[in-house]
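Survey of secondary and tertiary structure
Single-letter residue listing:
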Protein chains: 2
Amino acid sequence: MTQGVMEQQLADTASSTSTSATTKYVYFFGGGQADGNGRMKDTLGGKGAGLAEMTNAGLPVPPGFTIQTESCREYMRGQLNPQMDAEMHAALERLERMQGQKLGAGDNPLLVSVRSGAKFSMPGMMDTILNLGLNDNAVEALAKRSNNPRFAYDSYRRLIQMFGDVVLDIPKKKFEHIFDSVKEREKAHYDYELQPAALKDIIAEYKKLVKKETGKEFPQNPLEQLSAARDAVFRSWQNERAKTYRRINHIDDWLGTAVNVQAMVFGNLGDNSGTGVGFTRNPATGERIFFGEYLMNAQGEDVVSGVRTPMPISELEKAMPKVYDQLRTITWKMEKHYRDMQDFEFTIQDGKLYMLQTRNGKRTGLAAVRVAIDMVREGLITQEEAIFRVEPNQLYDFLVPRLDEKGAKVEVLATGLPASPGAAVGQIVFTAEDAVKHHHKGDYTSIILVRGETTPEDIGGMEVASGILTSRGGMTSHAAVVTRGMGKCCVAGAGECTVDENRKELRVKGKTFRQGDWISLDGTTGRVIEGKLKTIPAQPDDPDLVRFMGWADPVRKLRIRANADVPRDAKQARLFGAEGIGLCRTEHMFFAEGRIEHVRAMILAHTEQERRAALKHLLPMQRQDFIGLFKSMESLPVTIRLLDPPLHEFLPQREELLVEIQHLEDTKPRSPKLKELRVLLARVQELHEVNPMLGLRGCRLGIAFPEITEMQARAILEAAVNVKNHGGDPHLEIMIPLIGSIEEMRNQSAVVKRIAAQVFKEKGTTVDFMVGTMIELPRAALTADQIAEEAEFFSFGTNDLTQTTFGISRDDINHFLPAYLKAGIFKQDPFATLDQAGVGSLVKTAVAKGRNTRPTLKVGICGEHGGDPESVKFCHKIGLNYVSCSPFRLLTARLAAAQAALQEKQTGPDVHSGTC
Amino acid sequence: MTQGVMEQQLADTASSTSTSATTKYVYFFGGGQADGNGRMKDTLGGKGAGLAEMTNAGLPVPPGFTIQTESCREYMRGQLNPQMDAEMHAALERLERMQGQKLGAGDNPLLVSVRSGAKFSMPGMMDTILNLGLNDNAVEALAKRSNNPRFAYDSYRRLIQMFGDVVLDIPKKKFEHIFDSVKEREKAHYDYELQPAALKDIIAEYKKLVKKETGKEFPQNPLEQLSAARDAVFRSWQNERAKTYRRINHIDDWLGTAVNVQAMVFGNLGDNSGTGVGFTRNPATGERIFFGEYLMNAQGEDVVSGVRTPMPISELEKAMPKVYDQLRTITWKMEKHYRDMQDFEFTIQDGKLYMLQTRNGKRTGLAAVRVAIDMVREGLITQEEAIFRVEPNQLYDFLVPRLDEKGAKVEVLATGLPASPGAAVGQIVFTAEDAVKHHHKGDYTSIILVRGETTPEDIGGMEVASGILTSRGGMTSHAAVVTRGMGKCCVAGAGECTVDENRKELRVKGKTFRQGDWISLDGTTGRVIEGKLKTIPAQPDDPDLVRFMGWADPVRKLRIRANADVPRDAKQARLFGAEGIGLCRTEHMFFAEGRIEHVRAMILAHTEQERRAALKHLLPMQRQDFIGLFKSMESLPVTIRLLDPPLHEFLPQREELLVEIQHLEDTKPRSPKLKELRVLLARVQELHEVNPMLGLRGCRLGIAFPEITEMQARAILEAAVNVKNHGGDPHLEIMIPLIGSIEEMRNQSAVVKRIAAQVFKEKGTTVDFMVGTMIELPRAALTADQIAEEAEFFSFGTNDLTQTTFGISRDDINHFLPAYLKAGIFKQDPFATLDQAGVGSLVKTAVAKGRNTRPTLKVGICGEHGGDPESVKFCHKIGLNYVSCSPFRLLTARLAAAQAALQEKQTGPDVHSGTC
């Protein structure tokens, strides 16, 4: 997006220099035609161009005019052209004629809104004034005409307040103080309880305040109001909020804003007036059904506030058949004009329909696919266009169940982070062991694992659970990352929940939940809900989805692989379209039942011999895993990463041991267990690291303990030979993790090749295999030319590369990420979307250097970024061969890759900026 | 060095292609002249060129000949030229004539050694055969002539064993097995106890073994022995050891080795023979005194083995006045020839002096400076040459005390890592508190702090101690780094010591030492010595040193600054020649007495208000520190880094709290302390990080808690104004740590500038100041062009940059560094010497990008590398403005910078390879 913004800025700079001496300052719209059009965002701003476009499309938009951005620039330079004033007055007169009203005068006074509108949307950054034109006379006319004095006086007091704040720079607090005093005097709880008399008192006080603060009366002359409001909008372009927003979003300070002056319409002028919102199709399902709701004699805020219950739009057909027909005709026309489903707002004033706003409607993933397919069928859009009509992330909706809240009582207990989307309904347990136990026992049909935070030891429990709830940890905590990989629902960091793992209790909102109690989780919103809701299952084989992907897949150039550690995941990955496995993390196999004790024996070994004995037990198990993987992937490539995590991850936690030992010393000092625990602690202390992420892990393990690499290489290669001997065709790629130098690569590659030679000799068969590496350290990227001498492929581990490039631990970022996002230092979490300026530049460097040494080098990515659309597009742009992501991100990655390829086809490839 | 090797390889490749058809294969040396000379390393190898050089210089070198490297290359190609054989035989005949001996024949048989010798030294990688020429006849002649049958038979059995191993490829073990059986039979403890009869038995068994293994007899023909040995040396070029060594050291596999055949001489042929070693000057002090020792009727190994006590060389003058005179004349001549102090070996055979080896002698730093100055005075070398005659690291010797072991009983208790050089003798204590207590009390005149490992909390105790001993931790552990900074002696990771901090006991070698016991530490060797040795104090004002630095300083271009946190360090730094402070770590000020409680209050605060209240207490203390610093540095620049470490470093350790709480729960569950500790624990848990190095620290602290930056900026600026108002001239540079993006830099720079404006307004005075940043993250280096928009200077924090570029934690590297050094993956600890390929390339990129944006950007380095000579030379090469290092590295850095500048002057600047 940033890039897009910058390109448009360049275009704009070019066009703005051509402002001629005979500049047209004011652009009228109304009565079916406009001076401007939708493409004139540079001149009219986004809003102004939209109003012109809608008017030209024949929509009944309240008329008005736009003062163009050049005026704002002139204002900044202190050279406002008097011609603009003249044009503005002419436009106002035209507006008055068209409406048969006069600004702030007569029985039926014209009121207008004055709004900013820059080229790029800057929501809430600049100022707006409504009800402009009201004064002591006009307010009485409005009261009479609307037959609603409360509304009229409230509108007037709002004008004075907004005008006082925005135009006259009077502190808002002073108005609020007056308002609150009167409310207190009147014993009113809500604003709308204030009666006309009280509102009149407030108006009087407000006017006094204006006099006191500025030395002048609140202007009764509507034209004076208008000029002052216009200039205030110009000034608001330069306020601190707006400047900060532009800096963060790389928007040029000299663009300026346009000012839109538009007749106000009211839906609350009687029973012949009303207001509503709607969609041209169902935004939840995509069905082609006119969809919306309205209220008669009401203002827009009444529809959304929930004070009154709105009516379904179908009722309007009976109440006002003509208006309803007009609305249907207009909205279909809008859909045709904008060639997309529309989300619109309308007001009926005295029986006359006005369209206030229309825009492309937000929709669910299911709806997006359905609408895209329907529109192609209807001839509205092409297949290529359809591919852009679905946000890649939305496809997740097809892969996970959703809560079915229809008619259910939804009691939200807490809201945590939406760490992994989908829904889960189940009985709670508090330990991984309990989860496994009840899963095997079969007495709980669905299990939700509730933890303070999860650790790698919990993996068994997480596998059998339907969903995970944690009270601590962020979007990239262990629970979040692992569940996203599993496509399982997770609500993380629900701080309102107290999880007492000792007592096996979940306490929240004064309630206590115990093992076996039912809760429901919504991983898409982060809600934790009491009790047992129904769910709507996932629809990965939805025929619309299948057709849609059938359009997208042939377009893309990137191959899409999955991260999968066990045959079950591999099968699922193939179901979702994986073209290989890009990352099999062998350590996940180590945590399985019946293995962890051998892993621990290996770690606790004091000699190489003891270590080899323990490894011997693991060998056949690992081999069996790999046989399963190779079989399920048939002849697709499978990249297997050797052991990566630090060894202490497989041991009990140091703190727990220390506390347990202290407790035994205090209570049972003769317990034989004490001695045992002390021995264990000694080894845990030995292995303890201050910064485990930067410690003895990855290839460093294999270099310090070559027998581990030997065992793993043997298991992989024996498995491949076995599968080949049974008629299979395995394509294996052995990946050495955490390489930082060619020397490390040479060392580990030599071990693998030596074992391969042994295995092939023993078995009398050979299989093809490649040895490559993760590029996940800056030094690996910087010396990629050297590393490619030995490595036959690169796979970017962008999680670790992001950690080291930024010097930020993924486990600890939540200590300051909120402050960073708030201050605009990060636009997004760099672990979610690849940082192109820093991490991305290292990736580009490494690709260039690597291919320079080895032109056929196969290059992919296997971090979490492999499933993030923006990052996938970056990977396409810099020429990677594939991305690998969790099975549940495969659809997203496939679509993002197709969009990237199509975009390139349409606009031509980016020129790469070389190696740095 | 690597670069030097590669350049020479290129030169060599060029020259080796010019090998003409009339190649000369064999180069003779002896009788005062040689065919080759010292510059012919390509052809003759290092050793061969050296022998030629010594011969040409008129030294009485045992004569012989060198078969040049081209033969080895021919051997590798399987195309050995018969001409070489012919030349070899001719050379052998010449040798026999010169010696009046015949190879392996007659009463006085000629014996030769056959040794490899490649262009680059590859110590121990290839094979050597001694005593070649011995056979069943010659051994008897040797026995007779030497009147030492034991020696003769032992020489013969050694020949068969070496020949069997190297030439005939018979496993060494089989020889050793025979040898050991006979030894057992004879009940001999030591090899030299074997009598001639037993040795003859061994020879017989050896010969049988050769027959059994090869089907042939051990060759009795000396010429056959010679050819076979020569070929074996050629083959040894290709053994695995040698190949690995070459790979690691980037030596071309096709260079090949030369073969040196040299007459053997024996110092044990009777009372008219002898052997010795010596130096032309005193290697400890540099005094111009002939220095050495010798033994009559002995072999070289007898002198070094310590079985017999050698005599001082002055005795030789009385015993063999002629030989002594000749030796003195020769060695002075050698010194003149090589223009440096010589370390030599000689043998006297039958009254005739032979020089076996001469090389530039190793010496202490004190001696190096003294010798360099003397040699300039003597007209032997120029001042510029003198500057290169001292290793920069050696200057450390002047700055620290040394143990005076003369006449002392030295009982070594353990040997740990020589973490910080120098010596310390003192009474031991086991906690920082005890150290401080006894320091204040004054009852211990010198204190040694003994810990398992030190933490930042120990800093107070470390400050008052003379030396530190730890049982855990490596060369870059907290104890090591901090003591090196203080110039204090430290022995770290002395694993043999058990430090029981609870009982306050040090247990080692079955002895127990308690508080108040005396020990002595040698930080230069890592020795822990029982009792109270004397020390020789540091000599920073040694007149020779002052003169020497007076030559070096004017030459260098790099400015040299010091890392100093408190006025005391700053004063010391100026004494050692600092031209500014490059790094003042403000957090060190936080640990001082009377402050840590306010720091903790700040951290434990729940609201910004509470935090500000705590900070208010710290402000005047910090201000006072800075006033002291500015005063002691006068108008030199002072770079002050804002708070950097994670907050939990200032709190008690989590594990200790957990255990203490458990213990109280078990024993005193109603203790009010329990509640207090639980509150503390909760905050410690909140702040706990998995990878603190990558967590909430550096500028992230200042962004999350701007009030910390505000307090520090205020303290700095108020101090500067205060000093200026008192007539001072402070030059301050405020440094924001751990910047990874321009957004962070903008954020913190704005805070500092806002506070500056406030302070200047309040005080009515302004001071100049700069705001810059540490570049210590890869992302900062990669986006340095952006960061330089805001940063007015860069200081490379290469400790952290090394950590993140490699993905290696300095605290944890010791888990695998030994394996890495052993496998040749690292040539050196990257935290000690800057990695130029990875970290260095980021530094270069950042300098180029930064100066591109801001051509006047001041750029320095402030990591540990700032005091490492090789790294300092790199900093010079890439054009930094200054390096900053611990005060005790200042001399080293000054000299290294001078050498770099001089080198550049002599060879011209390196061509930089651009930004990447």
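Residues numbered from 1 in each chain as written. Chains lettered and ligands numbered in written order. Predicted model: local features only at pLDDT ≥ 70, side-chain atom pairs only at ≥ 80, totals over all residues. Heavy atoms only, no water.

In the annotation of an unreviewed UniProt entry, the entry for chain A reads Pyruvate, phosphate dikinase, and the organism field reads Occallatibacter riparius. The UniProt entry for chain A carries the following text under Catalytic activity (unreviewed entry): "pyruvate + phosphate + ATP = phosphoenolpyruvate + AMP + diphosphate + H(+)". Recorded in UniProt for chain A, the comment headed Cofactor (unreviewed entry) runs: "Mg(2+)". (UniProt positions renumbered as here; feature names shortened; annotations may be inferred.)

1. Describing the relation of the copies chain B and chain A
For the pair chain B and chain A, the best superposition has an RMSD of 0.2 Å and corresponds to a rotation of 179° with a translation of 0.2 Å parallel to the axis. When the rotation and shift are considered jointly, the pair of chain copies conforms to a two-fold rotation axis. Within chain B, the C-alpha atom positioned nearest to the axis of rotation is that of B:Asn691, 2.1 Å from it. Same-surface contact between copies: 100% of interface residues of chain B are shared with the interface of chain A. (Least-squares fit on C-alpha atoms with pLDDT ≥ 70 in both. Contact = heavy atoms within 4.5 Å.)

2. A few points about the UniProt feature "binding site: substrate" (unreviewed entry) in chain A
All names here are of chain A. In the numbering used here, UniProt assigns the feature "binding site: substrate" (unreviewed entry) to Arg-585, Arg-641, Glu-776, Gly-797, Thr-798, Asn-799 and Asp-800. The topology assignment puts Arg-585 in strand E28 (residues 581–585). A relative accessible area of 22% places Arg-585 in the partly exposed class. With residues near it in sequence (within four places) discarded, Arg-585 still touches Asn-563, Asp-565 and Arg-641. Its place among the elements puts Gly-797 in the loop between strand E32 (793–796) and helix H31 (798–806). Assessed through its relative accessible area of 5%, Gly-797 is described here as buried. Once residues within four sequence positions are removed from consideration, Gly-797 is found in contact with Met-774, Ile-775, Glu-776 and Cys-862. (Helix = DSSP H or I, 4+ residues; strand = E, 2+ residues; numbered from the N terminus. Buried < 20%, exposed > 50% of the residue type's maximum accessible area, 1.4 Å probe, protein only.)

3. Examining the sheet that holds strand E17 (residues 423–429) of chain A
All names here are of chain A. Taking strand neighbours across the sheet as the criterion, the eight strands line up as E15-E25-E24-E17-E18-E19-E20-E16 in an open arrangement whose pairing is mixed. The open sheet has two free edges, formed respectively by strand E15 (412–415) and strand E16 (417–420), since each of these has just one partner strand. On average, each strand axis in the sheet is inclined to that of its neighbour by 30°, with strand direction left out of account. As defined by bridge partners, E17 adjoins strand E24 (residues 518–522) across five bridges and the pair is classed as antiparallel. (Pairing = 2+ DSSP bridges. Axes fitted to C-alpha atoms, helices over the stretch in contact; angles between N-to-C directions.)

4. A word on the domain arrangement of chain A
Looking at the assigned domains, one finds that chain A contains domain 1 (1–133 + 222–264), domain 2 (136–218), domain 3 (274–360), domain 4 (401–536) and domain 5 (556–645 + 697–906). Using C-alpha coordinates to define each centre, domain 1 of chain A is positioned 50 Å away from domain 4 of chain A. (Domains from an automatic or database assignment.)

5. Here's the deal with the UniProt feature "domain: PEP-utilising enzyme C-terminal" (unreviewed entry) in chain A
With numbering aligned to this structure, UniProt lists the feature "domain: PEP-utilising enzyme C-terminal" (unreviewed entry) at residues 546–900 of chain A. Taken end to end, residues 546–900 of chain A is 55% helix and 11% strand, and its first and last C-alpha atoms sit 20 Å apart.

6. A closer look at the interface of chain B and chain A
The figure often quoted for interface size is the accessible area lost as the parts come together. Across the boundary between the two partners, chain B contributes 56 residues, which contact 58 residues of chain A. If you sort the residues of chain B by the area they bury against chain A, B:Leu694, B:Arg779 and B:His815 come out on top, with a joint share of 13%. Linking chain B to chain A there are six salt bridges. Ionic pairing is found between B:Glu743 and A:Lys827, a salt bridge with its closest N-O pair at 3.9 Å. Our count for the chain B to chain A interface comes out at 30 residue pairs in polar contact (both at pLDDT 80 or more). (Buried area = accessible area lost by both parts, 1.4 Å probe. Salt bridge = Lys/Arg side-chain N within 4 Å of Asp/Glu carboxyl O. Polar contact = N/O pair within 3.5 Å; in protein donor to acceptor, adjacent residues only side chain to side chain.)

7. Looking at the pairing of strand E3 (residues 64–67) of chain B
Residue and element names in this part refer to chain B. A two-sided burial pattern is seen for E3, the buried positions comprising Gly-64 and Thr-66 on one face and Phe-65 and Ile-67 on the other. Bridge count between strand E1 (residues 26–30) and E3: four bridges; the pairing is antiparallel. Opposite Phe-28, over in E3, you have Phe-65 as the bridge partner. When E3 meets strand E6 (residues 257–263), the two strands line up antiparallel, connected through four bridges. Note on E6: the bridge partner recorded for Ile-67 is Val-259.

8. Side note on the packing of aromatic side chains
Counted under the stated rule, the structure contains 32 aromatic pairs over all chains. Taking the centre distance of 4.9 Å and the plane angle of 80° together, the rings of A:Phe175 and A:Tyr206 count as edge-to-face. One end of the pair, A:Phe175, is in helix H7 (residues 172–185); the other, A:Tyr206, is in helix H8 (residues 196–214), with 31 residues separating them in the sequence. Each ring, one from A:Phe794 and one from A:Phe796, has its centre 6.5 Å from the other, and the planes form 80°; the classification is edge-to-face. On the basis of relative accessible area, A:Phe796 is assigned to the buried category, the value being 1%. Clustering of aromatic rings is evident, with ring pairs tying together A:Phe290, A:Tyr324, A:Phe344 and A:Phe346. Its end group placed over the ring of B:Trp237, B:Arg246 keeps NZ or CZ at 3.8 Å from the ring centre. The ring of B:Trp518 carries the charged tip of B:Lys532 above its face, separated from the ring centre by 4.1 Å. (Phe/Tyr/Trp six-rings, centres within 6.5 Å; stacked < 30°, edge-to-face > 60°. Lys NZ or Arg CZ within 6 Å of the ring centre and 35° of its normal.)

9. Thoughts on the sheet that holds E32(A)
All names here are of chain A. Here we have eight strands rolled up into a closed barrel, ordered E27-E28-E29-E30-E31-E32-E33-E34, and parallel in their pairing. With direction set aside, neighbouring strand axes in the sheet form an average angle of 25°. With two bridges connecting them, strand E33 (residues 858–861) and strand E34 (residues 882–885) associate as parallel partners. The residue bridging Ile-861 from the neighbouring strand is Val-883, located in E34. The sheet contacts of helix H23 (residues 608–633) involve E28, strand E29 (637–641) and strand E30 (731–736), and relative to E29 the element is tilted by about 155°.

10. Some words on helix H18 (residues 478–486) of chain A
All names here are of chain A. Burial analysis of H18 places seven of its nine residues in the buried class, which makes it a mostly covered element. Among the residues making up H18, those that are buried are Ala-479, Ala-480, Val-481, Val-482, Thr-483, Arg-484 and Met-486. Turning to H18, the residues buried within the fold contact E16, helix H17 (459–464), strand E19 (467–470) and strand E20 (489–492). Positioned one or two residues after H18, Gly-487 has a phi angle of 70°, which is positive.

11. Things to note about the confidence of the model for chain A
Residues and elements named next belong to chain A. Confidence in the prediction of chain A, expressed as mean pLDDT, is 90, and 96% of residues score 70 or more. Considering only residues more than four positions removed or in separate chains, one finds that residues 1–20, a stretch of pLDDT under 50, has 20 contacts. Predicted confidence is poor over residues 911–916, with pLDDT under 50, and the contacts of this stretch with residues over four places away or in other chains come to 12 contacts. Two summary scores accompany this predicted model of the complex, namely pTM at 0.82 and ipTM at 0.81. (pLDDT = per-residue confidence, 0-100.)

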